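Residue-level listing of the chains:
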Amino acid sequence: IQHKNNSSLSHIESIGNCILYSLIFTLLIKNKVLKKCILILMILGIAFFIINATFIQPFSRNFPSNVYLVSHIFFVILALLLFRQMLKYPLNISIVKPSLFWFTDALFLFSITMFLNLALLSYYARHHWGKDSLYYFWACSVYTFSILICVSLLVDNKKPARTSHG
């Protein structure tokens, strides 16, 4: 099958991201009710993906912008819930030191910028404005995401040694 675009790959990537990030956040979030809500929303996201790929934005012809917009909103909410958990249960070390902070920050910033980029791209296309600045914005978002993920992998997570005073 020959395709002249990457819509099929984008559909697979969108559902893969939804499942992957949902499972990661169910492991990171401590609240059992929130974990169940995330799993339910993941199942609803899969159902929405199937409906969208079948009827609204066909798998081999259209970019899954509906799924991307909904999933990025979901990722922002997940990141905010994890930020809330980090602030509610502070660690004995600086909040910017654990790799969890940098991972959550990367996903939060990437999801917000990609949502904005997709929304503006549709607007620019409708009004026949130049899209070069949005492509640079997209590239900067991807690079920033990659850098923050690298920081999250490289940051030292060791807890400071406790000293006994007496």
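Sequence order as written defines residue numbering, which begins from 1 separately in each chain. For this predicted model, a pLDDT threshold of at least 70 governs which residues receive local features, and a threshold of 80 or more governs which side-chain atom pairs are given and counted, while totals over whole chains, interfaces and linings are taken from all residues. Only hydrogens and water are set aside when side-chain values are computed; all heavy atoms of the structure are taken into account.

Draft legend 1. Representation of the overall build of the chain in the model. By definition, any uninterrupted DSSP run of H or I lasting at least four residues is a helix, any uninterrupted run of E lasting at least two residues is a strand, and each is numbered from the N terminus. The helix and strand inventory of the chain stands at five helices and zero strands. Ordered by position from the N terminus, the helices and strands of the chain form the series α-α-α-α-α. A 1.4 Å probe rolled over the protein chains alone gives each residue an accessible area, and that area as a share of the maximum for its type sets the label: buried under 20%, exposed over 50%, partly exposed in between. The proportion of buried residues among the 166 residues of the chain is 34%. The long-range share in the chain, meaning contacts at least 24 apart out of those at least 6 apart in sequence, stands at 67%. Looking at the chain as shown, the accessible area adds up to about 11,000 Å², and 68% of this sits on carbon and sulfur atoms. Residues are treated as being in contact if the distance between any of their heavy atoms lies within 4.5 Å. Only the protein chains shown count as cover for residues, with accessible areas throughout obtained via the Shrake-Rupley method and a probe of 1.4 Å.

Draft legend 2. Fine view of the packing of aromatic side chains. When two rings of Phe, Tyr or Trp (its six-membered ring) have centres within 6.5 Å they constitute a pair, described as stacked for plane angles under 30 degrees, edge-to-face for angles over 60, and tilted for the intermediate range. Inspection of every chain in the model, using the stated rule, returns nine aromatic pairs. By way of ring pairs, the aromatic residues Tyr21, Phe25, Phe74, Phe75 and Phe103 are connected into one cluster.

Draft legend 3. The arrangement of helix H5 (residues 132-154) in detail. Expected span of a helix: the number of residues minus one, times 1.5 Å. The end-to-end C-alpha distance of H5 is 33 Å, a good match for the 33 Å that 23 residues give at a rise of 1.5 Å each. For H5, every residue scored as buried is listed here: Leu134, Ala139, Ser141, Phe145, Leu148 and Ser152. In this structure, the buried side of H5 is in contact with helix H1 (7-28) and helix H4 (99-127).

Draft legend 4. Geometry of the packing of H4 against H5. For every element, the axis is a line fit to its C-alpha atoms; helices are fit only across the contacting stretch, and the angle between N-to-C directions ranges from 0 to 180 degrees. As a packed pair, H4 and H5 sit with axes 8 Å apart at the nearest point and diverge in direction by 170°. With respect to H5, the element H4 is oriented roughly antiparallel. Note that Gly is not counted as nonpolar here; it falls among the polar residues with everything else outside the nonpolar set of Ala, Val, Leu, Ile, Met, Phe, Trp, Tyr, Cys and Pro and the charged set of Asp, Glu, Lys and Arg. Here the residues of the contact of H4 with H5 sort into 20 nonpolar, six polar and one charged. Here the word oblique covers every angle except those under 35 degrees (roughly parallel), over 145 (roughly antiparallel) and from 65 to 115 (roughly perpendicular).

Draft legend 5. Layout of a nonpolar patch on the surface. Patches were defined on residues exceeding 30% relative accessible area and lacking a salt bridge, with like-charge contacts within 9 Å and nonpolar side-chain contacts (Val, Leu, Ile, Met, Phe, Trp, Tyr) within 5 Å. Here, a salt bridge means any side-chain nitrogen of Lys or Arg that lies within 4 Å of a carboxyl oxygen of Asp or Glu. A surface patch of nonpolar side chains, amounting to about 210 Å² of accessible area, comprises Ile19, Leu23 and Leu39. Within the fold, leucine 39 resides in helix H2 (residues 32-56).

Draft legend 6. Here's a closer look at the nonpolar core. Residues Tyr21, Phe25, Ile38, Phe75 and Leu78 are the most contacted members of the largest nonpolar core, which totals 15 residues. Looking at this core, the elements that each hand over two or more residues are H1, helix H3 (65-88), H4 and H5. The element contributing the most residues to this core is H4, with five residues. Not counting residues up to four positions away in its chain, the partners in contact with leucine 78 are Tyr21, Phe25 and Ile38. Within the second largest apolar cluster, six residues are counted, among which are Val76, Met86, Phe101 and Phe108. Residues grouped as a nonpolar core are buried Ala, Val, Leu, Ile, Met, Phe, Trp, Tyr and Cys residues, joined through side-chain atoms within 4.5 Å.

Interpretation note: all reported values are geometric properties and have no functional meaning in isolation.
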